[in-house]
Amino acid sequence: MATLKASILAMLGFAFFCGAALAARDLSDDSAMVARHEQWMAQYRAASTKTPPRRLGGSRSIKTNKGFKSSNMRIPTGFRYENVSADALPTTIDWRTKGAVTPIKDQGQCGCCWAFSAVAATEGIVKISTGKLVSLAEQELVDCDVHDEDQGCEGGLMDDAFKFIIKNGGLTTESSYPYTAADGKCKSGSNSAATIKGYEDVPANDEAALMKAVANQPVSVAVDGGDMTFQFYSGGVMTGSCGTDLDHGIAAIGYGKTSDGTKYWLMKNSWGTTWGENGYLRMEKDISDKRGMCGLAMEPSYPTK
Ligand SMILES: *[C@@H]1O[C@H](CO)[C@@H](O)[C@H](O)[C@H]1NC(C)=O
């Protein structure tokens, strides 16, 4: 029932992709449903190209297109890993094994994927530079970061979240500012558990550049999370066609190669542990489309210490 409702909402263009992982397994067991879904997918793609949702995680921005911000409006930043030699990169990396990734979180029915994505990248760089892994508060971003494109459960952008964390003097812990999955009043006066100095954008549409960054730290990545290829992912390396209407934020926490030679990005999602591979996913890496699988190479960025 929840799945049907989500499908209907998606058809109407109200899908809260950022907030809702559809029940993929139930559907894939039903071939009639799958056929209907293919149809819907084609319709959805046609509709979604007309109104590209850009504020990540914003269900309402799909309808009103308010807050649209195209990638060419990004102010160019430095890229500290530009001179890293590709030959010097590890062949595989998994930041979980280095203790730089907190357990999978669940954003629930709040379109604040942008906060989860920015927090995952921040938790990573904080652990790498201080040796301490601290789970940080997405809710502080949802409640207090209301500037530029960041509008709590109505969507936001990771770079704007980084800007807020810098200006705010850091972010507090998850335990002292628990997640509620709803917009709330900003509780000021909370201690900052983790700080960052800045942020940088990875050069767009360049998976080799993204690899240099991910080899050094977890990176925030925007994807077309509304595409059915993404929505119905249930394990393995995600391959095949996927759109590039960026509407969801996740974090690249590694990369590798399967035994049959398929290269992949290891990603952390924020849709709970029952989605994908215990909440994580692997997406095909180095595909012919420079924008990457589901647009993952279009707008990656990371915080700096
Ligand atoms: C990369 O190398 C070029 C040429 O030596 C230099 O100008 C640039 O500053 C270097 N970039 C970084 C981030 O160190």
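Residue numbers run consecutively from 1 along every chain, following the written order of its sequence. A pLDDT threshold of at least 70 governs which residues receive local features in this predicted model, and a stricter bar of 80 or more applies before side-chain atom pairs are shown or counted, although totals over entire chains, interfaces and linings include all residues. Side-chain numbers here rest on the full set of heavy atoms in the structure, without hydrogens or water.

Note on the protein: under the UniProt heading Sequence similarities (unreviewed entry), the record states "Belongs to the peptidase C1 family." UniProt positions are given in the numbering used here, feature names are shortened, and annotations may be inferred rather than shown by experiment.

Attention shifts here to the overall build of the protein. Helix and strand definitions here come from DSSP, where helices need a minimum of 4 consecutive H or I residues and strands a minimum of 2 consecutive E residues; each element is numbered from the N-terminal end. Looking only at helices and strands, the protein has 9 helices and 8 strands in total. Contacts were defined at the residue level, with two residues in contact if any of their heavy atoms lie within 4.5 Å. Considering only contacts within the protein whose residues lie at least 6 apart along the sequence, 74% involve residues at least 24 apart.

Moving on, we get to the packing of aromatic side chains. In this analysis, rings of Phe, Tyr and Trp, with Trp reduced to its six-membered ring, are considered paired at centre separations within 6.5 Å, and the interplanar angle assigns stacked below 30 degrees, edge-to-face beyond 60, and tilted for intermediate values. Summed over all chains, the structure comprises 10 aromatic pairs. These aromatic residues form a ring-pair network of at least three members: Phe230, Tyr233, Trp271 and Trp275. Directly above the aromatic system of Trp95 lies the positively charged group of Lys98, at a separation of 5.9 Å from the ring centroid. Sitting over a ring, as applied to charges here, requires NZ of Lys or CZ of Arg to be within 6 Å of the ring centre and within 35 degrees of the ring normal.

Residues in contact with the ligand, as listed here, are Phe79, Arg80, Glu82 and Asn83. Between N or O atoms, a polar contact is any pair within 3.5 Å; within protein, one atom must be a potential hydrogen donor and the other a potential acceptor, and residues adjacent in sequence are included only when both atoms are from side chains. Within the side chain of Asn83, an N or O atom sits 2.4 Å from an oxygen atom of the ligand. The accessible surface values rely on the Shrake-Rupley method and a 1.4 Å probe; as for residues, cover is taken only from the protein chains in view. When isolated, the ligand has an accessible area of 360 Å², and the protein chains bury 30% of it. Working definition: residue near molecule or strand if any one of its non-hydrogen atoms lies within 4 Å of it.

The biggest cluster of nonpolar side chains holds 43 residues, and the ones touching the most others in it are Val219, Phe230, Met267, Met283 and Leu296. Put simply, the parts of the chain that give this core at least two residues each are helix H8 (207-216), strand S3 (219-223), strand S4 (237-238), strand S5 (248-257), strand S6 (263-268) and strand S7 (280-284). Take this core: its biggest share by element is 6 residues, from H8. Leave out the neighbours within four places in its chain, and Met267 touches Val221, Ile250, Ala251, Ala252, Ile253, Tyr280, Leu281, Met283 and Leu296. To define a nonpolar core, start from buried Ala, Val, Leu, Ile, Met, Phe, Trp, Tyr and Cys residues and group those joined through side-chain atoms within 4.5 Å. The classification of residues rests on relative accessible area computed with a 1.4 Å probe and restricted to protein chains. Under 20% of the type maximum is buried, over 50% is exposed, and intermediate values are partly exposed. If you look at the next biggest cluster of nonpolar residues, it comprises 31 residues, including Val119, Ala137, Leu141 and Ala161.

Right, let's get into the pairing of strand S8 (residues 301-304). Here S8 shows two buried faces, one formed by Ser301 and Pro303 and the other by Tyr302 and Thr304. Two strands are said to pair when DSSP picks up at least two bridges between them. As defined by bridge partners, strand S2 (residues 198-201) adjoins S8 across 4 bridges and the pair is classed as antiparallel. When the bridges of S8 are listed, Gly198 appears paired with Thr304.

We now examine the state of the cysteines. Chemically, a disulfide is nothing more than a covalent bond linking the sulfur atoms of two cysteines. By disulfide we mean two sulfur atoms from cysteines, separated by a distance within 2.5 Å. What the rule picks out here adds up to 3 disulfides. What pairs with Cys110 in a disulfide is Cys153, and their sulfur atoms sit 2.1 Å apart. Its S-S torsion of about -95° marks the bond between Cys110 and Cys153 as left-handed, since a negative value means left-handed. Separated by 43 residues along the polypeptide, Cys110 in the loop between strand S1 (93-94) and helix H5 (113-130) and Cys153 in the loop between helix H6 (138-144) and helix H7 (158-167) bring together distant segments of the chain. Here Cys153 falls in the buried class, since its relative accessible area comes to 8%. Between Cys242 and Cys294 runs a disulfide, and the two sulfur atoms are separated by 2.1 Å. Across the S-S bond linking Cys242 and Cys294, the dihedral sits near 105°, which makes this disulfide right-handed. A residue pair is termed long-range when its members are at least 10 positions apart, and Cys242 in the loop between S4 and S5 and Cys294 in the loop between S7 and S8 qualify at 52 residues. The thiol of Cys112 is unpaired, and the distance to the nearest cysteine sulfur, on Cys110, comes to 3.3 Å.

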